[in-house]
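Architecture at a glance
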Amino acid sequence: MTTIHYHSFPATKPPPNFSTLIYDVFLTFEEQIGTIELEKGLKSDEVLAILRPSLEQLGFEVETGKTREDKIHRPVLFGEDGEPTLKFEVDAYHPAWRCGMEVEAGRAWMGNAIYRDLIQSLVMVEVACLVLAVPNAYKYKSNGRPQISNDYANTVRLASTLYSHTRMTLPYDLIVIGY
């Protein structure tokens, strides 16, 4: 039985065809990245490094490091001569699927990275789908006592609320993967 799961939004339409291909990448590396079984989860860069070769095989451009050249940039605004004047970073991007990906770890829920990812994806050019990978369980200590933040469950609950609300419509599909 697996601890890796995904949920796609809006819930009123089937997940994109490629969602199972991405999910299978996470399943392949469950022993290495699965936060339920690991004593302490990996950093997001470490998870991305493990997934990178398989994501690249699917056609994703994947961040390779911390320098500007190693990052994946998506344009947001264009200026004179059509040059991008503002860009945001994503961990990975698939041009044919118009799919951005963010892999989060420790600060996913408690550090509000989820909110940043959802908002920045609103304005990125040619992002029709966002894959948001978050830990199932972020394990930490508070006052010396072990604690667990259920990041996947919290993120799915937030996404369900956003995609069900009538005050706004998000312009992209969302796939939340819990690892």
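The text that follows walks through the structure, step by step, so that each part is easy to find. (Residues numbered from 1 in each chain as written. Predicted model: local features only at pLDDT ≥ 70, side-chain atom pairs only at ≥ 80, totals over all residues. Heavy atoms only, no water.)

1. Some remarks on the overall build of the protein
Selection criterion: Strands are runs of DSSP state E lasting at least 2 residues, helices are runs of H or I lasting at least 4, and numbering of each runs from the N terminus. The size measure is the radius of gyration over C-alpha atoms, and the globule rule it meets is 2.2 Å times the number of residues to the 0.38 power. Think of it in three bands: with a 1.4 Å probe and only protein chains considered, a residue is buried below 20% of the maximum accessible area for its type, exposed above 50%, and partly exposed in between. Only heavy atoms matter for contacts: two residues are in contact if any of them lie within 4.5 Å across the pair. Note on areas: Shrake-Rupley with a 1.4 Å probe; residue coverage comes only from the protein chains shown. Asp and Glu count as negative and Lys and Arg as positive, but His and the ends of the chain are not part of the count. Here the site of a charge means atom NZ of a Lys, CZ of an Arg, CG of an Asp or CD of a Glu.
Along the backbone of the protein there are five helices and ten strands. The C-alpha radius of gyration of the protein comes to 16 Å, within 12% of the 16 Å expected for a compact globule of 179 residues. The C-alpha extent of the protein, read off along each of the three principal axes, is 55 × 40 × 35 Å. In the protein, buried positions account for 45% of the 179 residues. Counting contacts in the protein only where the partners sit at least 6 residues apart, residues at least 24 apart contribute 61% of the total. Entry remark: accessible area of the protein is about 9700 Å², with carbon and sulfur atoms responsible for 51%. With 17 positive and 23 negative side-chain charges, the protein shows a separation of 8 Å between the mean positions of the two kinds.

2. Regarding the packing of aromatic side chains
For any two aromatic rings, the description comes down to two numbers: the centre-to-centre distance and the angle of the planes. For clarity, the threshold we go by: Note on aromatic pairs: the rings of Phe, Tyr and Trp (six-membered ring only in Trp) are paired at centre separations within 6.5 Å, and the planes decide the class, stacked below 30 degrees, edge-to-face beyond 60, tilted for the rest. Put simply, a charge is over a ring when the Lys NZ or the Arg CZ is close to the ring centre, within 6 Å, and near the line of the ring normal, within 35 degrees.
Going through the model one piece at a time under the given rule, you end up with seven aromatic pairs. On the numbers, 5.7 Å between centres and 25° between planes, the contact of Phe9 with Tyr163 is stacked. With Phe9 in strand E1 (residues 5-9) and Tyr163 in helix H5 (residues 151-164), the pair connects residues that are 154 residues apart, well separated along the chain. The same class applies to Phe9 as to Tyr163, namely buried. Taking the centre distance of 5.8 Å and the plane angle of 80° together, the rings of Phe60 and Trp97 count as edge-to-face. Placement of Phe60 in the loop between helix H3 (44-58) and strand E2 (61-62) and of Trp97 in the loop between strand E5 (92-94) and strand E6 (99-103) is noted, with a sequence separation of 37 residues between them. Judged by relative accessible area, which is 3%, Phe60 ranks as buried. Residue classification places Trp97 among the partly exposed residues on the basis of a relative accessible area of 22%. Directly above the ring of Tyr93 sits Arg74, whose terminal nitrogen or CZ lies 3.9 Å from the centroid.

3. Quick look at the nonpolar core
Heads up, the condition is: Put simply, a nonpolar core is a bunch of buried Ala, Val, Leu, Ile, Met, Phe, Trp, Tyr and Cys residues held in one set by side-chain atoms that sit within 4.5 Å of each other.
In this structure, Ile22, Phe26 and Tyr179 are the most contacted members of the largest nonpolar core, which totals 25 residues. Secondary structure elements with two or more residues in this core: helix H1 (19-28), H3, E6, strand E7 (129-134) and strand E10 (173-178). Discounting chain neighbours no more than four positions away, the residues touching Phe26 are Ile4, Ile33, Leu51, Ala133, Ile177 and Tyr179.

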